[in-house]
2 protein chains.
Amino acid sequence: MGLAFYELVGAEDERRFSPYCWRVRLALRHKGLEFQALPWRFTEKERIAFSGQGKVPVLTDGGKVVIDSWAIAEYLDETYPDRPSLFGGPSAKGMARFITDWCDSVVLPAVFRLILADIPAHLHRKDVDYFRSSRERRLGMSLEEFCAERERHLAELRKQLAPLRHCLARQPYLAGQTPAWADFAVQGVFQWARGVSPLHLLDADDAVFAWRERMMDAFDGEGRQALGYPV
Amino acid sequence: MGLAFYELVGAEDERRFSPYCWRVRLALRHKGLEFQALPWRFTEKERIAFSGQGKVPVLTDGGKVVIDSWAIAEYLDETYPDRPSLFGGPSAKGMARFITDWCDSVVLPAVFRLILADIPAHLHRKDVDYFRSSRERRLGMSLEEFCAERERHLAELRKQLAPLRHCLARQPYLAGQTPAWADFAVQGVFQWARGVSPLHLLDADDAVFAWRERMMDAFDGEGRQALGYPV
């Protein structure tokens, strides 16, 4: 049986562009677990209907089904305690939760605003109409209108990264001397962007840039080898 | 000898209003260490000249002198490893650093903008001129001008607290099930505000409000008993 991981991809199976799936992929590598990656596209709802919902990541482990990237991380740490921990203890897990929430409520929306309109060009043909219409209905405007004023939104993203910048000027990873879940949570967003958008989100002299380089190199260059744009 | 802690106070010795000193006070209580609190005022530079600089917190432990709240926390965890940890392991410490940086670059400036003009009324007479002139020189405007548009800045603070709010809707403390340094770092800012300003920073139905209540009750109500305003 083993682990199987349904992961969002674009036109090509190797174009992985879900921030949440990237978190799981990096978490699986961190734990050193073998897994079968199952490329999945937005409109393939029936393929994951067994999970009781319609989004990825979905992880199956033998008969066990786990959804939601945070829940998958918890599951992996509980089920494979002999492997390197994703959190590093109870209080570390509490703080990892905060950092995930910071990423999801600050970084992710700021990046969303910058790259959303770049996504359709990289989707599988069968996903394009679904993606555009569902997102535009939710936003109440076209993807292009939503992503207007790029310069202003890029400045805003860089400003919002200030705490990450300060922290990474003092230590190599969010989780200290070696990366862990908190790093994967944030890097997931950068991998998502890299997979679909040519936009340079970071200046080369930014401490966050240097950290992102380290994160792309981790696990034999897992992040760097994925299909995407130079950053 | 034992521990001695130079701590910023206002007109009254019990009006403690430095966010950094509050972090240290809560950290000392967390570790269950006895200490002698030495009330200190801005203009008493000569009293702490032995530390090689002019700001508090300053902690002395026998012949050892430690400055800077983060460095003090590190010192306490290293020197008293048998007491409850302030961080909870290496990766927890890394993340605590991030949360401190988030607090210092996002929360603290937002609160600063709201309460700075309330401080002079609570200072010891000998500190008032020094405080006002040094701050106004730095800001390039009067404290009152800096703190104008309170409603707008209050809305901004509450918006910036979103990740904390999300996290605390899931778990009682930033550090999970029990408080630790990350909680003290943020609560230090609220204790500072409470010491000098009647402004209500949080709505009563905010998850951050409930957390702040728990934090004020911690250590036999250390935070709640300090001289200050109801929040």
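The coordinates are above.
What this report covers is the structure whose coordinates are included nearby. Since this is a predicted model, take the numbers as computed values, not measurements.

This part covers the interface of chain A and chain B. If you look at the interface, chain A gives 28 residues, while chain B gives 28 residues. Buried surface at the junction of chain A and chain B, summed over both partners, amounts to about 2,200 Å²; 68% is from carbon and sulfur atoms. Of all residues in chain A, Met95, Phe98 and Arg170 of chain A bury the most surface against chain B, accounting for 30% of the area lost on that side. On the surface where chain A and chain B come into contact, there are 0 salt bridges. On the surface where chain A and chain B come into contact, there are 8 residue pairs in polar contact (both at pLDDT 80 or more). Listed by contribution, the elements that provide at least two residues to the side of chain A that touches chain B are helix H3 (90-115) and helix H7 (162-168) of chain A.

It is worth spelling out the pairing of strand S3 (residues 58-61) of chain B at this point. Regular strands place their side chains on alternate faces of the sheet. Residues and elements named next belong to chain B. Side-chain alternation along S3 places Val58 and Thr60 on one buried face and Leu59 and Asp61 on a second face that is also buried. In terms of strand pairing, strand S1 (residues 3-8) meets S3 through 4 bridges, oriented antiparallel. Its bridge partner lying in S3, tyrosine 6 is registered against valine 58. Looking at chain direction, S3 and strand S4 (residues 64-67) are connected through 4 bridges and run antiparallel. Along S4, the bridge assignment pairs valine 58 with isoleucine 67.

A word on the packing of helix H1 (residues 19-30) of chain B against helix H2 (residues 69-79) of chain B. Residues and elements named next belong to chain B. Between H1 and H2, whose axes approach to 9 Å, the crossing angle comes to 15 degrees. Taken together, the axes of H1 and H2 lie roughly parallel to each other. The interaxial crossing formed by H1 with H2 has right-handed handedness. Between H1 and H2, the residues in contact are Tyr20, Arg23, Val24, Ala27 and Leu28 and Ser69, Ile72 and Leu76, respectively. For the contact of H1 with H2, the residue count by class is 6 nonpolar, 1 polar and 1 charged.

A separate point is the environment of arginine 224 of chain B. Residue and element names in this part refer to chain B. Assignment of secondary structure puts arginine 224 in helix H9 (residues 207-225). Sequence separation of arginine 224 and glutamine 171 is 53 residues, and the distance between their C-alpha atoms is 22 Å. Setting aside residues up to four positions removed in sequence, arginine 224 forms contacts with Arg194, Glu213, Met216 and Asp217.

Attention shifts here to a nonpolar patch on the surface. Residue and element names in this part refer to chain A. Among the surface-exposed residues, Phe50, Val65 and Ile67 lie close enough to one another that they form a single nonpolar patch of about 220 Å² accessible area. Mapping valine 65 onto the fold places it in strand S4 (residues 64-67). The class of valine 65 is partly exposed, set by a relative accessible area of 33%.

Moving on: the relation of the copies chain A and chain B. For the match of chain A to chain B, the screw axis carries a shift of 0.0 Å, the RMSD comes to 0.0 Å, and the turn is 180 degrees. One copy is carried onto the other by what is essentially a two-fold rotation axis. Taking C-alpha positions as reference, the residue of chain A nearest the rotation axis is alanine 92 of chain A, located at 2.1 Å. Looking at chain A, 100% of its interface residues are interface residues in chain B too, so the copies touch through the same face.

In this structure the tally under the stated criterion is 42 salt bridges over all chains. For the salt bridge of glutamate 144 of chain B with arginine 132 of chain B, the shortest nitrogen-to-oxygen distance reads 3.0 Å. Taken together, the residues span a long stretch of sequence, with glutamate 144 of chain B in helix H5 (residues 143-146) and arginine 132 of chain B in helix H4 (residues 125-139) at a distance of 12 residues. With relative accessibility at 40%, the residue glutamate 144 of chain B sits in the partly exposed group. Judged by relative accessible area, arginine 132 of chain B falls into the partly exposed class, the value being 27%. The structure contains a network of salt bridges with shared partners spanning Glu7, Arg16, Arg25, Arg29, Asp220 and Glu222 of chain A.

This part is about the packing of aromatic side chains. Tallied over the full model, the rule gives 28 aromatic pairs over all chains. Taken together, a centroid distance of 5.6 Å and an interplanar angle of 50 degrees make the contact between tyrosine 6 of chain B and phenylalanine 50 of chain B tilted. Linking tyrosine 6 of chain B in strand S1 with phenylalanine 50 of chain B in the loop between strand S2 (35-40) and S3, this pair joins segments that are 44 residues apart in sequence. Residue classification places tyrosine 6 of chain B among the buried residues on the basis of a relative accessible area of 13%. For phenylalanine 50 of chain B, a relative accessible area of 42% puts it in the partly exposed group. In textbook terms, an aromatic cluster arises when at least three aromatic residues are bridged by ring pairs, as seen for Phe17, Trp40, Phe42, Tyr130 and Phe131 of chain A. Residue placement shows arginine 135 of chain A over the ring face of phenylalanine 42 of chain A; its charged tip is 5.0 Å from the ring centre.

Here we take up the sheet that holds strand S1 (residues 3-8) of chain A. All names here are of chain A. Pairing is mixed across the open sheet formed by 4 strands, whose spatial order is S2-S1-S3-S4. Pairing within the sheet leaves two strands with one partner each, and these edge strands are strand S2 (35-40) and S4. Strand-to-strand, the axes of this sheet are offset by a mean angle of 20 degrees, without reference to chain direction. Contacts from helix H1 (residues 19-30) reach S1, S2 and strand S3 (58-61), with the element oriented near 150 degrees to S1. Against the sheet, helix H2 (residues 69-79) engages S3 and S4, with an angle of about 135 degrees to S4.

Here is what the cut-offs are and how they apply
- Residues numbered from 1 in each chain as written.
- Chains lettered and ligands numbered in written order.
- Predicted model: local features only at pLDDT ≥ 70, side-chain atom pairs only at ≥ 80, totals over all residues.
- Heavy atoms only, no water.
- Contact = heavy atoms within 4.5 Å.
- Buried area = accessible area lost by both parts, 1.4 Å probe.
- Salt bridge = Lys/Arg side-chain N within 4 Å of Asp/Glu carboxyl O.
- Polar contact = N/O pair within 3.5 Å; in protein donor to acceptor, adjacent residues only side chain to side chain.
- Helix = DSSP H or I, 4+ residues; strand = E, 2+ residues; numbered from the N terminus.
- Buried < 20%, exposed > 50% of the residue type's maximum accessible area, 1.4 Å probe, protein only.
- Pairing = 2+ DSSP bridges.
- Axes fitted to C-alpha atoms, helices over the stretch in contact; angles between N-to-C directions.
- Parallel < 35°, antiparallel > 145°, perpendicular 65-115°, else oblique.
- Left-handed = near helix turned anticlockwise from the far one by under 90°.
- Nonpolar A, V, L, I, M, F, W, Y, C, P; charged D, E, K, R; others polar.
- Patch = residues over 30% accessible without salt bridge, like charges linked within 9 Å, V, L, I, M, F, W, Y side chains within 5 Å.
- Areas by Shrake-Rupley, 256 points an atom, 1.4 Å probe, with all protein chains shown as cover.
- Least-squares fit on C-alpha atoms with pLDDT ≥ 70 in both.
- Phe/Tyr/Trp six-rings, centres within 6.5 Å; stacked < 30°, edge-to-face > 60°.
- Lys NZ or Arg CZ within 6 Å of the ring centre and 35° of its normal.

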